[in-house]
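Structural description and commentary
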Amino acid sequence: MTDRRLDVLAIGNAIVDVIADANDAFLSQQGLDKGSMRLIDEAEAERLYGVMGSGRELSGGSAGNTAAGLAALGCRAGFIGQVAEDQLGDIFRHDIRSLGVEFNTPARGDVGATARSLILVTPDAQRTMNTFLGAAQNLTSDAIDPAEIASAKILYLEGYLWDPLAPRAAMEVAIDAARAAGTKVAFTLSDSFCISRHRGDFLRLIEEGKLDILFANEAEITELAGEEDFDAAVTQVAAKVPVLVVTRSEQGAVARSGGESASVPAEPIDRLVDTTGAGDLFAAGFLAGQAKGLGLERSLRLGAIAAAEVIQHYGARPEADLRVLAGDLLA
């Protein structure tokens, strides 16, 4: 019998987040659309870093944030992602390991600079993300160990990593290894722009039965389904995946699994500060519930609790004790 020593193994972009305050005037001056995410090259990353305010640097990336949230919830989490042999690579490695996440992917000297996301947070808590993917987009199939995949109950993949060909091939290898080992496969659509470029591939993964859990937000599920009506989009996609989870910001979240349906409201908060990582932490809570054998509603509640905590402060990593906040849900 396979030893499932990890609850969740995540694969994603290994990115160092640099988070700084900004105002609307600065965004306008830089020609940035508030709330957007754009991909930039290394030269633009250096330029913008030079003119933005002082920031906090910590390991990030969507799947990395989810792995950190899982560890904070007491789960055994691992992460696979590519960093370079540079200072930011050292920061990423040290930070994610210090959170209790297993990270064994070797740094490389032939992949350019470690990825970074320059995140500008305005007073209305909107975040404008400027991401240089660097070394992260050079993750290859060589980094995928089938035995490591088999050691996890759930494999979690981020749609952001589907753009470059090498990581896409690596994730396909990981999915096949997971299916061979009986490891469940969870996938997050990440962003509507990912769907606009890779809708055919994502639908293929669904149609071929390669995904067990699919995460989306309201905009993403309608984009994937090609339906303007939310309920129609959810019904269409839910019929094709074992578990579908859709977040709706302040309207909470819904989940469908076969004939079962559950929904939860958003958790109350004192103050909205920064929405960075809300979806990533929601996924962490839900996956924690699934890894522990909880039902849809309790898993959704864990997701809502984790998301509510992270949006009340800067950054995509929990600062309060999520296990305390979860209370009896994790008992």
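Residues numbered from 1 in each chain as written. Predicted model: local features only at pLDDT ≥ 70, side-chain atom pairs only at ≥ 80, totals over all residues. Heavy atoms only, no water.

For the protein, the name recorded in an unreviewed UniProt entry is Adenosine kinase, with Sphingomonas piscis as its organism.

Next up on the list: the overall build of the protein. Helix and strand counts for the protein come out as 12 helices and 14 strands. Against the 2.2 N^0.38 benchmark of 20 Å for 331 residues, the protein shows a C-alpha radius of gyration of 18 Å, consistent with a compact globule. A buried classification covers 56% of the 331 residues belonging to the protein. Put simply, 74% of the contacts in the protein that link residues at least 6 apart link residues at least 24 apart. Element-wise, carbon and sulfur atoms account for 47% of the exposed surface of the protein, whose accessible area totals about 13,200 Å². Of the charged side chains in the protein, 29 are positive and 48 negative; the average position of the first set lies 4 Å away from that of the second. (Helix = DSSP H or I, 4+ residues; strand = E, 2+ residues; numbered from the N terminus. Rg over C-alpha atoms; globule rule 2.2 N^0.38 Å. Buried < 20%, exposed > 50% of the residue type's maximum accessible area, 1.4 Å probe, protein only. Contact = heavy atoms within 4.5 Å. Areas by Shrake-Rupley, 256 points an atom, 1.4 Å probe, with all protein chains shown as cover. Lys, Arg positive; Asp, Glu negative; His and termini not counted. Charge placed at Lys NZ, Arg CZ, Asp CG, Glu CD.)

All right, on to the environment of Ala 177 then. Along the chain, the position of Ala 177 falls in helix H6 (residues 165-181). Among the residues examined, Ala 177 registers a relative accessible area of 13% and is labelled buried. Each C-alpha atom of the pair Ala 177 and Ile 149 lies 6.6 Å from the other, and the pair is 28 residues apart in sequence. Setting aside chain neighbours within four positions, we find Ala 177 in contact with Pro 146 and Ile 149.

Of all the seven residues making up strand S7 (residues 115-121), seven are buried; the element is thus mostly covered by neighbouring parts of the structure. With burial as the criterion, each face of S7 is covered, one bearing Ala 115, Ser 117, Ile 119 and Val 121 and the other bearing Arg 116, Leu 118 and Leu 120. Relative to strand S8 (residues 127-132), S7 runs antiparallel, the two being bridged by six bridges. Across the sheet, Ile 119 pairs through a bridge with Met 129, a residue of S8. The antiparallel hairpin formed by S7 and S8 contains five residues in its connecting segment, where Ala 125 sits at a positive phi of about 75°. (Pairing = 2+ DSSP bridges.)

Below, the discussion takes up the packing of aromatic side chains. Centre-to-centre distance and the angle between the planes together describe a pair of aromatic rings. On inspection of all chains with the given rule, the structure shows nine aromatic pairs. A network of ring pairs unites the aromatic residues Phe 79, Phe 92 and Phe 103 as a single cluster. Over the ring of Phe 230 we find Arg 248, and its NZ or CZ is 3.7 Å from the ring centre. (Phe/Tyr/Trp six-rings, centres within 6.5 Å; stacked < 30°, edge-to-face > 60°. Lys NZ or Arg CZ within 6 Å of the ring centre and 35° of its normal.)

Our focus in this paragraph is the pattern of salt bridges. All told, the structure shown has 22 salt bridges when counted by the stated rule. Put simply, Asp 201 and Arg 168 hold a salt bridge, and the shortest N to O gap is 3.8 Å. Of this pair, Asp 201 sits in helix H7 (residues 192-207) while Arg 168 sits in helix H6, placing them 33 residues apart in sequence. Several salt bridges share partner residues, and in doing so they unite Arg 168, Glu 172, Asp 176, Asp 201, Arg 204, Glu 208 and Lys 210 into one network. (Salt bridge = Lys/Arg side-chain N within 4 Å of Asp/Glu carboxyl O.)

Right, let's talk about unusual backbone geometry for a bit. Positioned with a positive phi, Ala 125 is a non-glycine residue whose angle comes to about 75°. Along the chain, Ala 125 turns up in the loop between S7 and S8. Phi at Ser 190 takes a positive value of approximately 75°, unusual for a residue other than glycine. Secondary-structure assignment places Ser 190 in the loop between strand S10 (184-188) and H7.

Next up on the list: the sheet that holds strand S9 (residues 152-158). Taken in spatial order, the nine strands line up as S6-S5-S1-S9-S10-S11-S12-S13-S14 in an open sheet, and their pairing is mixed. The open sheet has two edge strands, strand S6 (102-103) and strand S14 (260-264), and neither has a second partner. Pairing between strand S5 (residues 77-80) and S6: two bridges, direction parallel. By the bridge assignment, Phe 79 is partnered in S6 with Phe 103. Contacts between H6 and the sheet are confined to strand S1 (6-11), S9 and S10, with S9 contributing the most and set at about 155° to the helix. (Axes fitted to C-alpha atoms, helices over the stretch in contact; angles between N-to-C directions.)

This brings us to a negative patch on the surface. Together, Glu 227, Glu 228, Asp 229 and Asp 231 make up a region of like negative charge exposed at the surface. Mapped onto the elements of the fold, Asp 229 is located in the loop between helix H8 (218-225) and helix H9 (230-238). The class for Asp 229 is partly exposed, based on a relative accessible area of 43%. (Patch = residues over 30% accessible without salt bridge, like charges linked within 9 Å, V, L, I, M, F, W, Y side chains within 5 Å.)

To continue, consider helix H10 (residues 278-291). Counted at 1.5 Å a residue, the expected span for H10 with its 14 residues is 20 Å, and the 20 Å between its end C-alpha atoms agrees. Burial analysis of H10 places 11 of its 14 residues in the buried class, the great majority of the element. Of all the positions in H10, only Asp 280, Leu 281, Phe 282, Ala 283, Ala 284, Gly 285, Phe 286, Leu 287, Ala 288, Gly 289 and Ala 291 are classed as buried. Just downstream of H10 lies Gly 293, where phi reads positive at about 80°. (Expected span 1.5 Å × (residues − 1).)

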